[in-house]
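# A structural walkthrough
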Amino acid sequence: QAARYRGDTILLAGSRKLVLQHLKTGCQDLLYEDFSLPRDLIFRCLTVDAEGGIWLGTHAGLCFYDRGRVRFPPHANPLLNTRINGIAKHGAHLLLATMGHGLVIKSGERIWQLTEREGLLSDFCNDVLVDEDGDLWVSSNQGLSWIHARDGLCETPKINHYTRSEEHTSEL
C-alpha cells in the first residue's frame, strides 16, 4: 500500500514495515520495521491525516504510527478492533472498510458505522475510496456502494448501488 505523505514523499507500507520514499532523489528512509509482529498485526492499508498522522489497518484493527512507534489494538471501542481492509480520509473523518462491520467512521473520539441497515450492499467491505467530488465508493463482496458525501458525511446518507448483475465489478 502507498499514500502521499508530504511534498515529494510517498509512504509505503509493507506487511511489517513502513518506508518513506523520496520521489526526487529516489532515497528511502525506514520508519518502522518489526518482523516479530504476529500475522494479525501485519499492515494491510494506510492513510495520512491532515496533521501528518499515519493510520494503518490490520487484521486486528486500527493502528497509529507516531515518532518511530506503532500503537496497536486493543481499543475501547470494539469497532476499531476488527479487520480493516481499506482506509481513507474524508475531511476530519477516518473511513475504515471492515470485514463484517461495514464502513466504520472515526471523527475524533466519535465513532459510528454505516452498514446494510443504513443501505450498504454488504457489511463485508473490501475497500473505500473518496473521489474528487468528496463522494465515497465502498466495494464489497456484493458490489459497489456509492455514498453521496460531497456536502458532508452524515449518519443517514443517500446510497446508490452497482452490483455484478449490472456488469460492474466489486473491486475498486
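Presented here is a report on the structure given in the accompanying data block.

## Digging into the nonpolar core
Within the largest apolar cluster, 17 residues are counted, with the highest numbers of intra-cluster contacts made by Leu-18, Tyr-32, Phe-43, Leu-56, Tyr-65 and Val-70. Elements with a minimum of two residues in this core: β2 (9-13), β3 (17-22), β5 (45-48), β6 (54-58) and β7 (61-66). Judged by nonpolar contacts, the second largest core, of 16 residues, contains Ala-97, Ile-105, Trp-112 and Ala-149.

## Here we look at the side chain of Asp-49
Topologically, Asp-49 is positioned in the loop between β5 and β6. Classification of Asp-49 by relative accessible area gives buried; the value is 18%. Within the structure, the side chain of Asp-49 is placed 3.0 Å from the backbone nitrogen of Glu-51, a separation counted as a polar contact. Looking at Asp-49, its side chain comes within polar contact range of the main-chain nitrogen of Gly-53, at 2.6 Å.

## Overview of the pairing of β6
Most of β6 is tucked away, with 5 of its 5 residues classed as buried. Residues Ile-54, Leu-56 and Thr-58 of β6 are buried on one face, and the alternating residues Trp-55 and Gly-57, pointing to the opposite face, are buried as well. Sheet topology places β5 next to β6; 4 bridges connect them, and they run antiparallel. When the sheet's bridge partners are listed, Cys-45 is paired in β6 with Gly-57. The antiparallel pairing of β5 with β6 creates a hairpin that spans 5 residues between the two strands, and Gly-52 there sits at a positive phi of about 90°. Relative to β7, β6 is paired through 5 bridges, and the arrangement is antiparallel.

## Details of the packing of aromatic side chains
All chains considered together, the criterion is met by 4 aromatic pairs. Considering the side-chain rings of Trp-55 and Phe-64, the 4.5 Å spacing of their centres and the 55° angle between planes classify their relative orientation as tilted. Phe-64 shares its class with Trp-55; the two are buried. Measuring from centroid to centroid gives 5.2 Å for Trp-137 and Trp-146, while their planes differ by 0°, and the two rings are stacked. The two residues Trp-137 and Trp-146 agree in class, both being buried. Through a chain of ring-to-ring contacts, the aromatic side chains of Trp-137, Trp-146 and Tyr-162 assemble into a single cluster. For Arg-110, the ring lying beneath its charged end belongs to Trp-112, and the centroid distance is 4.0 Å.

What counts and how
- Per chain, residue numbering runs from 1 following the sequence as it is written.
- For this predicted model, a pLDDT threshold of at least 70 governs which residues receive local features, and a threshold of 80 or more governs which side-chain atom pairs are given and counted, while totals over whole chains, interfaces and linings are taken from all residues.
- Here the side-chain values reflect all heavy atoms present in the structure, with hydrogen atoms and water set aside.
- Residues belong to one nonpolar core when they are buried, are Ala, Val, Leu, Ile, Met, Phe, Trp, Tyr or Cys, and are joined through side-chain atoms within 4.5 Å.
- For every residue, the accessible area obtained with a 1.4 Å probe (protein chains only) is divided by the maximum for its type, and the residue is called buried under 20%, exposed over 50%, and partly exposed between those limits.
- Labels follow the DSSP assignment, with helices taken as runs of H or I lasting at least four residues and strands as runs of E lasting at least two, numbered in each case from the N terminus.
- Distance and chemistry together define a polar contact, namely a pair of N or O atoms within 3.5 Å, with one atom able to donate a hydrogen and the other to accept it when in protein, and with adjacent residues in sequence counting only for side-chain atoms on both sides.
- Criterion used throughout: strands pair if DSSP finds at least two bridges between them.
- Pairing of aromatic rings covers Phe, Tyr and the six-membered ring of Trp, with a centre-to-centre limit of 6.5 Å; geometry is then stacked below 30 degrees between planes, edge-to-face above 60, and tilted otherwise.
- Any Lys NZ or Arg CZ found within 6 Å of a ring centre and within 35 degrees of that ring's normal is scored as a charge over the ring.

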